[in-house]
Amino acid sequence: MRAQVLRDFTKEYPVIVQGRGAFLYDRAGREYLDAVGGIAVVNVGHGVPEIIAAMREQAESVAFVHGGSFANEAAMALSEELATWAPAGLGHVLLLSGGSEATETAMKLAHQYHRERGKEGKYRIVSRWISYHGNTIGALSMSGRTAWRREFTPYLQNFPKIHPPYCYRCPYGKSYPGCGIACAEDLERVITLEGADGIAAFIAEPVIGTSAAGVTPPPEYYPRIREICDTHDILFIADEVITGIGRTGKNFGIEHWGVVPDMITTAKALSSGYAPLAAVLLHDRVYDAIATGSGHMTQGFTYSGHPLCSAVGLAVLKYLKAHDLVANAARIGRTLLSRLETLQRFPIVGDVRGTGLILGVEFVADRATKRPFPPAAGVTRRVVEAALGDGVMVVPGMGGMIDGVAGDHIQISPPYIFSEANVEQLVHALETAIQKVMREVPVS
Ligand SMILES: Cc1ncc(COP(=O)(O)O)c(C=O)c1O
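Residues numbered from 1 in each chain as written. Predicted model: local features only at pLDDT ≥ 70, side-chain atom pairs only at ≥ 80, totals over all residues. Heavy atoms only, no water.

**Quick notes on the environment of P415**
Under the convention used in this document: In this text, helices come from DSSP runs of H or I with a minimum length of four residues, and strands from runs of E with a minimum of two, each type numbered from the N-terminal end. Each residue is placed in one exposure class: buried if its accessible area under a 1.4 Å probe, protein chains only, is under 20% of its type's maximum, exposed if it is over 50%, and partly exposed if it falls in between. It only takes one pair of heavy atoms within 4.5 Å for two residues to be counted as in contact.
Summarising the element assignment, P415 is placed in the loop between β15 (408-412) and α13 (420-440). The class for P415 is buried, based on a relative accessible area of 0%. When the C-alpha positions of P415 and R115 are compared, they lie 41 Å apart, and in sequence the two are 300 residues distant. What P415 contacts, discounting residues up to four positions off in sequence, is A22, D34, G37, V42, N43, G45 and L357.

Next up, the structure:
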């Protein structure tokens, strides 16, 4: 019996005692290559002295003040720096502690934006199936993740969902480019059916994270989404909790489509995991509607704008810039993707995809028909465990991305300092893991 409650009550977790660069070390001295950056969090690497020094310096001046009473220099400096990272117009920064806080806050701000303009009825948020926006009730209501929603259905808001831009398994049975981006047009259909006067915003992950790692929509997708949102006076929220702060090889993932959202939520990489930290970036039009309206937000958290966490965030942004690590995420991401593509010589590897350093490998029982393995075969778990046995940590993608039940994939999202040697170690471990799983689970 252990005192700490962990997610799986029966599992024995390795106890990590040290992190250095792209590696973690457990109590028994075992080394793990962190090929997931925790879970798309760590970007500058573990144990970076500059970040630790910034944290100590801030703790020595002031670790905490409450944002309801005081401003603080660390939060002000981080906000100014983060504004320079953002697409034009998104220079207003609300600092928070985690991704779910950020998306839930964006949800409420979307409603406030419309309320301030006399459109009280616009409060529902449209999102996509095969998505994750967080675990609090508002965030989970927006999340299209069947397995995590099921137990909590009585609490959830009735928010509409559209199909995801999952080209490998097009929900319409079409293929790009002949599809006419039916998955984006679906937004127009749902808005018309539900009534635009009840809808505040559409939220999406620019590149899908843990729900179907690495799924990247075609070039026309977000421009069309933006157009539909504008037509119906609906805000577009880019949930960049995973894709933000350089993970896709650009500051924000949505920049790959040249589209400017009304709000961006970001978290994980903002602090590289050295402290809990998140942000909502507001476009001028959202900020101004509130500033010239009530001038007040009826929401807040104890740790919003936390000085210590802000100092960490600022140190991380400076470190990323000083070492040109966003460019490295793009460069090493291309190398990693092309090396992972070689895994397609194994019959159980159906799809390899991703942008920058958010990548996924999908497993199938039959590559010709894309038939998935039965969930009971535990293919994802087996691959992850085999790689871990070889000292390489990858993350199990959320099962059920095909129909809410079936579907196997892994997520790969390493720190931006990942090297060619790290790539080779990862690919070798996956080759071995896949071969082991093919022996254990018969392929038809
Ligand atoms: C896209 C996205 N949004 C929101 C969240 C929720 O973030 P957190 O776990 O920090 O609450 C996550 C977490 O994985 C995420 O991937």
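**Some words on the domain arrangement of the chain**
To keep it simple, the criterion reads: Either an automatic procedure or a domain database provided the assignment from which the domain bounds are taken. Two parts lose some accessible area (1.4 Å probe) when they are put together, and adding that loss for both gives the buried area. For salt bridges, the criterion is a side-chain nitrogen of Lys or Arg within 4 Å of an Asp or Glu carboxyl oxygen.
When the domains of the chain are assigned, the result is domain 1 (16-47 + 324-440) and domain 2 (51-322). Distance from the C-alpha centre of domain 1 to the C-alpha centre of domain 2: 25 Å. Across the contact, 39 residues belong to domain 1 and 42 residues belong to domain 2. Buried surface at the junction of domain 1 and domain 2, summed over both partners, amounts to about 3200 Å²; 57% is from carbon and sulfur atoms. Looking at the side of domain 1 facing domain 2, the largest losses of area belong to V326, I358 and M398, adding up to 19% of the total buried there. Along the contact surface separating domain 1 from domain 2 lie one salt bridge. Between R169 and E362 there is a salt bridge, with the nearest N and O atoms lying 2.7 Å from each other. When contributions to the side of domain 1 that touches domain 2 are tallied by element, the ones reaching two or more residues are α1 (37-40), α11 (325-341), β11 (349-355), β12 (358-363) and β15.

**Description of the packing of aromatic side chains**
For clarity, the cut-off: Stacked, edge-to-face and tilted are the three classes for Phe, Tyr and Trp ring pairs, Trp counted by its six-membered ring, which pair at centre distances within 6.5 Å; planes under 30 degrees apart are stacked, over 60 edge-to-face, the rest tilted. Each ring is checked for a lysine NZ or an arginine CZ that lies within 6 Å of its centre and within 35 degrees of its normal; such an atom marks a charge sitting over the ring.
Enumeration over the complete set of coordinates arrives at six aromatic pairs. Where Y221 meets Y222, the ring centres are 4.8 Å apart and the plane angle is 85 degrees; that geometry is what we call edge-to-face. Residue class for Y221 comes out buried when judged on its relative accessible area of 0%. For Y222, a relative accessible area of 0% corresponds to the buried category. Their ring planes at 20 degrees and their centres at 5.9 Å tell us that Y222 and F236 sit as a pair that is stacked. With Y222 in helix α8 (residues 221-231) and F236 in strand β8 (residues 235-240), this pair connects stretches of sequence that are 14 residues apart. Accessibility expressed as a relative area gives 0% for F236, which makes it buried. Put simply, the rings of F202, Y221, Y222, F236 and W257 pair up and form one aromatic cluster. Above the face of the Y168 ring, K370 is positioned so that its terminal group lies 4.4 Å from the ring centre.

**Notes on the packing of helix α4 (residues 99-116) against helix α9 (residues 284-291)**
Geometry of a packed helix pair, given as the angle between the helix axes and the separation of the axes. Counted only if it meets this: Inter-axis angles, ranging from 0 to 180 degrees, are taken between N-to-C directions of lines fitted to C-alpha atoms, where helices are fitted over the stretch in contact. Small angles under 35 degrees read as roughly parallel and large ones over 145 as roughly antiparallel, with 65 to 115 read as roughly perpendicular and the rest as oblique. Handedness of a crossing follows from how the near helix is turned relative to the far one, being left-handed for an anticlockwise turn of less than a right angle and right-handed for a clockwise one.
Close contact between α4 and α9 brings their axes to 9 Å; oriented N to C, the two are set at 60 degrees. In this view, α4 runs oblique relative to α9, as classed from their interaxial angle. In this structure, α4 crosses over α9, and the sense of that crossing is left-handed. Residues L109, Q112, Y113 and E116 of α4 touch α9, and the partners they reach there are R285, V286, A289 and I290.

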